[in-house]
Amino acid sequence: MSYPRIDRATRVIVQGITGRAGRMHTRMMRDYGTRIVAGVSPKAGGADVDGVPVFASCREAITQTRATASVLLVGAAQLLVAIEDAVQAGIKLIVTPTEGMPAHDALRARRLTLEAGVMWIGASTPGVAVAGQAKLGFVPEASLKPGPLGLMAKSGTLSYECGYRLAQRGIGTTVWIGVGGDLVKGTRFAELVPFYAADTQTEALLVIGEIGGNEEQEFATALAESRFHKPVFALIAGRSSPEGVTMGHAGALVHGSHGGYAAKKAALEKAGATVFASLDEMTTAITAWHGSRQRQERLTK
């Protein structure tokens with residue numbers, strides 16, 4: 001298994017499965033095809049949720065089910081302990097949709113997962129999805145269609161709209177990754193460049209960024225240094241946002257030119273990416289790319 005490419009065979013546990021959000025999203029993930037093999041709740045070991053067995057710890061759940069991935073649907077204050085439990089038990093992919101994780105906890109979790117060789121997606125993420133196969137989190141089904149476009153995003157809502165508009169035009173995605181909008185996170189754009197470069201099903205990459213921080217500039221540097229050979233499309237939210245004000249995500253803070261729209265656009269374009277000013281412009285351009293790709297395929301048959 002090459003994470004974050006998941007499929008219907010991926011064995012997944014849900015930590016916090018007995019809570020309201022845990023129950024609801026477990027049901028929705030299962031309905032999509034995700035193989036949820038167990039839940040974890042320290043106070044509800046031995047119970048079950050809609051036929052899914054619940055264990056008191058990740059170690060017990062993994063021993064019984066051989067799960068390799070976990071979705072953590074617990075409160076922000078409990079995230080670090082839940083991540084520690086998953087890592088110590090041998091989980092290889094952790095997805096944490098919960099918002100508001102304390103920054104110091106996130107720093108400790110990032111160090112822990114990096115040292116253990118665990119991929120952590122989050123916090124504050126809609127999740128990971130492979131269209132037509134499985135999803136970990138709550139990416140809307142209406143935005144998911146199998147296709148040739150890799151997608152990674154800070155913004156959940158904007159990525160849903162992008163995915164939906166493209167799907168309506170017959171353009172789908174390979175691996176969809178919501179990295180989250182927090183300053184401290186498990187996986188950053190630049191760290192995903194090698195994955196998308198090597199993924200044979202991904203023919204182009206759509207990056208949905210936003211103002212604040214320097215993640216898009218890091219990504220641009222990684223593109224240039226790795227000589228990324230696939231088309232890269234980018235949309236950056238917050239073009240008209242005022243400086244010095246946190247806009248939505250904790251990471252969306254601009255000081256002077258640092259983290260601003262213009263600096264991000266310039267860095268991405270210098271690295272060879274095409275940056276769009278609007279959703280309509282993005283949709284039109286990617287539709288044209290997809291049409292050209294299909295014509296080339298017909299000519300080679």
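Placed above this text is the structure.
Summary of the structure given here. Computed from a predicted model, the values in this text were never measured in an experiment.

As a further point, take the nonpolar core. If you look at the biggest cluster of nonpolar residues, it comprises 47 residues, and the most contacted ones within it are L93, M152, I177, Y196 and F219. When residues of this core are assigned to their parent elements, the largest contribution, 4 residues, is made by helix α7 (residues 215–226). Not counting residues up to four positions away in its chain, the partners in contact with Y196 are G150, L151, M152, V175, W176, I177, T202, L205, F228 and K230.

A few words now on the sheet that holds strand β7 (residues 119–122). Strands sit in the order β3-β4-β2-β1-β5-β6-β7 across an open sheet of 7 strands; the sheet is mixed. Edge positions in the sheet fall to β3 (48–49) and β7, since each has one partner strand and no second. Bridging between strand β6 (residues 93–96) and β7 involves 4 bridges; their strand directions are parallel. Considered in β7, the bridge of T96 is made with G122. Contacts between helix α1 (residues 20–32) and the sheet are confined to β1 (11–15), β2 (35–40), β3, β4 (52–55) and β5 (69–72), with β2 contributing the most and set at about 165° to the helix.

Attention shifts here to the sheet that holds strand β11 (residues 173–178). Strand pairing in a sheet is mediated by backbone hydrogen bonds. Such pairs are either parallel or antiparallel. What the 7 strands build is an open sheet, ordered β9-β8-β11-β10-β12-β13-β14; its pairing is mixed. Pairing within the sheet leaves two strands with one partner each, and these edge strands are β9 (134–137) and β14 (274–276). The sheet shows a mean angle of 15° between the axes of neighbouring strands, direction not considered. By the bridge criterion, 4 bridges tie strand β8 (residues 127–130) to β9 in an arrangement that is antiparallel. Opposite G127, over in β9, you have G137 as the bridge partner. Sheet contacts for helix α5 (residues 156–168): β10 (146–153), β11, β12 (204–210) and β13 (232–237); angle to β12, the most-contacted strand, approximately 145°.

The subject of this paragraph is the pattern of salt bridges. Taken as a whole, this structure holds 13 salt bridges when the rule is applied. The closest approach of N and O atoms between E215 and K185, which form a salt bridge, is 2.6 Å. Separated by 30 residues along the polypeptide, E215 in helix α7 and K185 in the loop between β11 and α6 (193–198) bring together distant segments of the chain. Ionic pairing is found between R188 and E218, a salt bridge with its closest N-O pair at 2.9 Å. Separated by 30 residues along the polypeptide, R188 in the loop between β11 and α6 and E218 in helix α7 bring together distant segments of the chain. R188 sits in the buried class, given a relative accessible area of 15%. On the basis of relative accessibility, which here comes to 29%, the residue E218 falls in the partly exposed class.

On to the packing of aromatic side chains, then. All told, the structure shown has 4 aromatic pairs when counted by the stated rule. Taken together, a centroid distance of 6.0 Å and an interplanar angle of 25° make the contact between F233 and F276 stacked. Pair noted here: F233 is in strand β13 and F276 is in strand β14, with a separation of 43 residues, a long-range link. When its relative accessible area of 3% is taken as the criterion, F276 is described as buried. Ring centres of F233 and W289 lie 5.9 Å apart, and the angle between their planes is 65°; this geometry places the pair in the edge-to-face category. With F233 in strand β13 and W289 in helix α9 (residues 279–300), this residue pair connects regions lying 56 residues apart in the sequence. Neither residue differs from the other here; F233 and W289 are each classed as buried. Cluster of aromatic residues (ring-pair linked, three or more members): F233, F276 and W289. Taking the ring centre of Y32 as reference, the NZ or CZ of K135 above it sits at 5.5 Å.

In this section: α9. Compared with the 32 Å implied by 1.5 Å per residue over 22 residues, the 32 Å span of α9 between its first and last C-alpha is a close match. Listed in full, the buried residues belonging to α9 are L279, M282, T283, I286, W289, H290, G291 and R293.

It is at 8 Å that the axes of α7 and helix α8 (residues 261–270) come closest, and there the two elements cross at 10°. Taken together, α7 and α8 sit at an angle that is classed as roughly parallel. Residues E215, E216, Q217, F219 and A220 of α7 form the contact with α8, whose participating residues are A263, K264, A267 and L268. Counted by class, the contact of α7 with α8 contains 5 nonpolar, 1 polar and 3 charged residues.

It is worth spelling out unusual backbone geometry at this point. Look at the link from G122 to A123: it is a cis peptide, with omega at 0°. Within the secondary structure, A123 is located in the loop between β7 and β8. Although it is not a glycine, S124 adopts a positive phi angle of roughly 60°. With respect to the helices and strands, the residue S124 is situated in the loop between β7 and β8.

Thresholds applied
- Residues numbered from 1 in each chain as written.
- Predicted model: local features only at pLDDT ≥ 70, side-chain atom pairs only at ≥ 80, totals over all residues.
- Heavy atoms only, no water.
- Core = buried A, V, L, I, M, F, W, Y, C linked by side-chain atoms within 4.5 Å.
- Buried < 20%, exposed > 50% of the residue type's maximum accessible area, 1.4 Å probe, protein only.
- Helix = DSSP H or I, 4+ residues; strand = E, 2+ residues; numbered from the N terminus.
- Contact = heavy atoms within 4.5 Å.
- Pairing = 2+ DSSP bridges.
- Axes fitted to C-alpha atoms, helices over the stretch in contact; angles between N-to-C directions.
- Salt bridge = Lys/Arg side-chain N within 4 Å of Asp/Glu carboxyl O.
- Phe/Tyr/Trp six-rings, centres within 6.5 Å; stacked < 30°, edge-to-face > 60°.
- Lys NZ or Arg CZ within 6 Å of the ring centre and 35° of its normal.
- Expected span 1.5 Å × (residues − 1).
- Parallel < 35°, antiparallel > 145°, perpendicular 65-115°, else oblique.
- Nonpolar A, V, L, I, M, F, W, Y, C, P; charged D, E, K, R; others polar.

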